[in-house]
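# Structural overview for review
Residue strings, one per chain:
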Amino acid sequence: MSDGQHSYYEFWKETVSRIRQTLPEQEYHTWFNRLSYLRSEKGKVVVGGASQFILDTVITRYRELLVNTLSELTGEELVVQFEVASRDELEQQSGPGKEAKEASVPKSEAKQAISAQKSAKIRAESNLNSSYEFSSFVIGDNSAFAYNASLAIAKNPGSSYNPCLIYGGVGLGKTHLLSSIGNHILENTPELKVMYVTAEMFTNEFIESIGSQRTQHFKNKFRKVDVLLIDDIHFLQGKDSTQEELFHTFNNLYDAKKQMVFTCDRPISELKNITDRLSSRFERGLNVDLQPPNYETRMAILKKKLSQKSASMSEEILNYIATNVVTNVRDLESSLTKLVAYSELLDQEVSFEKAKELLGVLPALAANASQTLSIDTIIKVVGQYFNISSFEIKGKKKNKSIVQPRQIAMYLARDITDFSTTEIGTEFGGRDHTTVMHSYDRVESMMKADEAFTNTVLKLKRDLTTIKS
Ligand code: ADP
Ligand code: MG
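The shown structure was predicted, so the numbers you read here are calculated from the model rather than taken from an experiment.

It is worth spelling out helix α15 (residues 329–346) at this point. Under the 1.5 Å per step criterion, the end-to-end length of α15 is 26 Å for 18 residues, consistent within 8% with the ideal 26 Å. When α15 is considered as a whole, its buried residues turn out to be V329, L332, S335, L336, L339, V340, Y342 and S343. For α15, the angular spread of buried residues about the axis comes to 170°, placing them on one side. With respect to the buried face of α15, the exposed residues turned more than 90 degrees away are R330, E344 and L345. Considering only its buried residues, α15 is in contact with α13 (295–308), α14 (315–324) and α16 (352–359). At the N-terminal end of α15, a side-chain oxygen is found 2.9 Å from the backbone nitrogen of R330, two or three residues along, and the residue is N328. With its phi angle positive at about 50°, D347 sits one or two positions after the end of α15.

Neighbouring residues of ligand 1: 16 residues in total, closest G171, T175, H176, K305 and E333. The separation between an oxygen atom of ligand 1 and a polar main-chain atom of G171 is 2.7 Å. Contacts to ligand 1 include T175, whose side-chain N or O atom sits 2.8 Å from an oxygen atom. With the chains in place, 92% of the 560 Å² that ligand 1 exposes on its own is no longer accessible. Mapped onto the shell around ligand 1, the elements with two or more residues apiece are α8 (174–188) and α15. When its residues are assigned to classes, the shell around ligand 1 shows six nonpolar, six polar and four charged. Two domains each provide a minimum of three residues to the shell around ligand 1, namely domain 2 (126–290) and domain 3 (295–361).

Right, let's talk about helix α3 (residues 52–74) for a bit. Each full turn of the α-helix corresponds to 3.6 residues, which orients residues three or four apart in the same direction. The end-to-end C-alpha distance of α3 is 28 Å, clearly below the 33 Å that 23 residues give at a rise of 1.5 Å each. At Y62, α3 is bent by approximately 65°, the largest bend along its length. Taken together, the buried positions of α3 are occupied by I54, L55, T57, V58, Y62, L66, V67, T69, L70, S71, L73 and T74. A positive phi of about 75° marks G75, the residue just after α3.

Strand order in the open sheet made by the five strands is β5-β6-β7-β4-β8, with parallel pairing throughout. Looking at which strands have only one partner, the edges of the open sheet turn out to be β5 (194–198) and β8 (286–289). Averaged over all adjacent pairs, the angle separating strand axes in this sheet is 15°, with direction ignored. Pairing of strand β6 (residues 227–231) with strand β7 (residues 259–264), which is carried by four bridges, proceeds in the parallel orientation.

At a closest axis distance of 6 Å, the pairing of helix α22 (residues 433–449) and helix α23 (residues 451–465) adopts a crossing angle of 125°. On the basis of the axis angle, α22 is oblique to α23. The handedness of the crossing between α22 and α23 is left-handed. Taken together, the residues of α23 that come into contact with α22 (itself represented by V443, M446, M447 and A449) are E451, F453, T454, V457 and L458. When the residues that make up the contact of α22 with α23 are grouped by side-chain class, the tally is seven nonpolar, one polar and one charged.

All right, on to the sheet that holds strand β1 (residues 35–41) then. In spatial order, the strands read β1-β2-β3; together these three strands make up an open sheet with mixed pairing. The open sheet has two edge strands, β1 and β3 (79–84), and neither has a second partner. If you compare each strand with its neighbour and ignore which way they point, the axes differ by 25° on average. Pairing analysis gives six bridges linking β1 to strand β2 (residues 44–49), with the strands arranged antiparallel. When the sheet's bridge partners are listed, Y37 is paired in β2 with V47. Across the sheet, α3 is in contact with β1, β2 and β3; its angle to β3 comes to roughly 160°.

Our focus in this paragraph is the nonpolar core. The nonpolar side chains of a soluble globular protein tend to be buried with one another. In this structure, W12, F32 and L229 are the most contacted members of the largest nonpolar core, which totals 50 residues. A per-element tally of this core places α3 first, with eight residues. Mapping this core onto the domain boundaries places at least three of its residues in each of domain 1 (1–93) and domain 2 (126–290). With near-sequence residues (within four places) excluded, L229 lies in contact with L128, L178, I181, G182, V194, M195, Y196, V197 and V261. Listed in part, the 27 residues of the second largest apolar core include L373, I375, Y440 and L464.

Before going further, it helps to examine the environment of S401. Looking at the secondary structure, you find S401 in helix α20 (residues 400–416). For the pair S401 and F386, spaced 15 residues apart in the sequence, the C-alpha separation amounts to 8.3 Å.

This part is about the domain arrangement of the protein chain. By domain assignment, the protein chain separates into domain 1 (1–93), domain 2 (126–290), domain 3 (295–361) and domain 4 (366–468). A straight line from the C-alpha centre of domain 1 to that of domain 2 covers 33 Å. The partner domain 2 presents ten residues to the nine residues of domain 1 that form the contact. Contact with domain 2 buries area across many residues of domain 1, yet E10, E14 and R18 alone supply 49% of it, more than any other trio. Across the contact surface, domain 1 and domain 2 share zero salt bridges. Remark: the boundary between domain 1 and domain 2 carries four residue pairs in polar contact (both at pLDDT 80 or more). Elements represented by at least two residues in the side of domain 1 that touches domain 2 include exactly α1 (9–22) and α3.

Conventions and cut-offs
- Residues numbered from 1 in each chain as written.
- Chains lettered and ligands numbered in written order.
- Predicted model: local features only at pLDDT ≥ 70, side-chain atom pairs only at ≥ 80, totals over all residues.
- Heavy atoms only, no water.
- Helix = DSSP H or I, 4+ residues; strand = E, 2+ residues; numbered from the N terminus.
- Expected span 1.5 Å × (residues − 1).
- Buried < 20%, exposed > 50% of the residue type's maximum accessible area, 1.4 Å probe, protein only.
- Arc of directions from axis to C-beta.
- Contact = heavy atoms within 4.5 Å.
- Polar contact = N/O pair within 3.5 Å; in protein donor to acceptor, adjacent residues only side chain to side chain.
- Near = heavy atom within 4 Å.
- Areas by Shrake-Rupley, 256 points an atom, 1.4 Å probe, with all protein chains shown as cover.
- Nonpolar A, V, L, I, M, F, W, Y, C, P; charged D, E, K, R; others polar.
- Domains from an automatic or database assignment.
- Bend = angle between axes of the 7 residues up to and from the residue.
- Pairing = 2+ DSSP bridges.
- Axes fitted to C-alpha atoms, helices over the stretch in contact; angles between N-to-C directions.
- Parallel < 35°, antiparallel > 145°, perpendicular 65-115°, else oblique.
- Left-handed = near helix turned anticlockwise from the far one by under 90°.
- Core = buried A, V, L, I, M, F, W, Y, C linked by side-chain atoms within 4.5 Å.
- Buried area = accessible area lost by both parts, 1.4 Å probe.
- Salt bridge = Lys/Arg side-chain N within 4 Å of Asp/Glu carboxyl O.

Below is the structure:
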């Protein structure tokens, strides 16, 4: 591919592998095996097909999908041009066709030189879990930046973002992205030595090497890699000599322009008992965060996971999970797994009622529930309970029968949504945020004093958090 700087080949590959996940296997093979990436230039990808008939069908059915996916991945508005290509051209080029993924990889000499056996060994030594791939990662607003940075690193290790730190809470995809970087490099640049370790593995190996007087061996092992991926560096807090060792490893690799990527469960500034010189190293390159996915992304993730499991589930159930499991992707996945397993075991579809029963009281129902719940809904539900109108709750009347429901509604709005006190105040007839804070404190202290009152508030909270968006 002699298309210089504007090679969108990697993006093309990624696009096709995504489309593959969404299409029935047969359909994918019918059309995409007969297509091939030919070349690209700025803003344009040229795709070849074996005949005009194939191209016509592909254009009608998939053009839009191809263009949208490519544009989304590259962040550029791309044009896709289609050409009839000879069999030679198609075979020479690195189209997505052929059977497996391997066939779509350009036949560089480096690759051919490495036998299957050798590559299996390299894979084993890398410690990577091969099941994590970019193509199975669902991108949302919460993760787009981290995803794009990871993909850029995978395509050009050591050159752009070095080091890189991906941080975010548990179950948000840190290990998934970190491993995807490694797997992508192993597959596309097998001459590079990739090593994945958790900070815990790093620590244990270091301690062992001291015990067996093989610290030099340990040092060499980590300093001769081209790509070092260390997961969960928060584990290093308070482990001074391991930190010291990592500091030296870091400097060595950094000077040699070797790629390093780390993950952490919080921003570096929030780590405790990490030496300043090490934390300044972590912060040196690009720091990107992963946030919990929003409702739409949660739905997309559920659907993706379902298709990977070749299972099906009603929209109603998916919506129920996506509305209630707001914590992280791991929880989302395990809720789904539970239902799919049940359905497979009994060989029957899960009903909505059964699903709710199986999932039990979801953690989100108790805590910090749906962001999609509007303040108006809260006002309405509380009003219905106390038999007063939304209008009265938002209004100025000060009789006790209205003030108390108003305060409870403000309390609930603050407790179960992510709206700020200012936003809540505005929705409550343009009140000041200090009024909201005052109401919140007032309800809280009444709950401490009065059990019946507490039960009322909790009942309302339960009702509200089971409302679907
Ligand atoms: P972390 O390392 O941040 O705790 P993981 O990478 O282990 O989280 O992710 C937990 C689970 O959720 C994994 O099975 C992973 O594949 C899945 N996962 C996380 N984020 C996504 C995403 N954006 N798209 C698809 N699956 C995801
Ligand atoms: Mg992890």
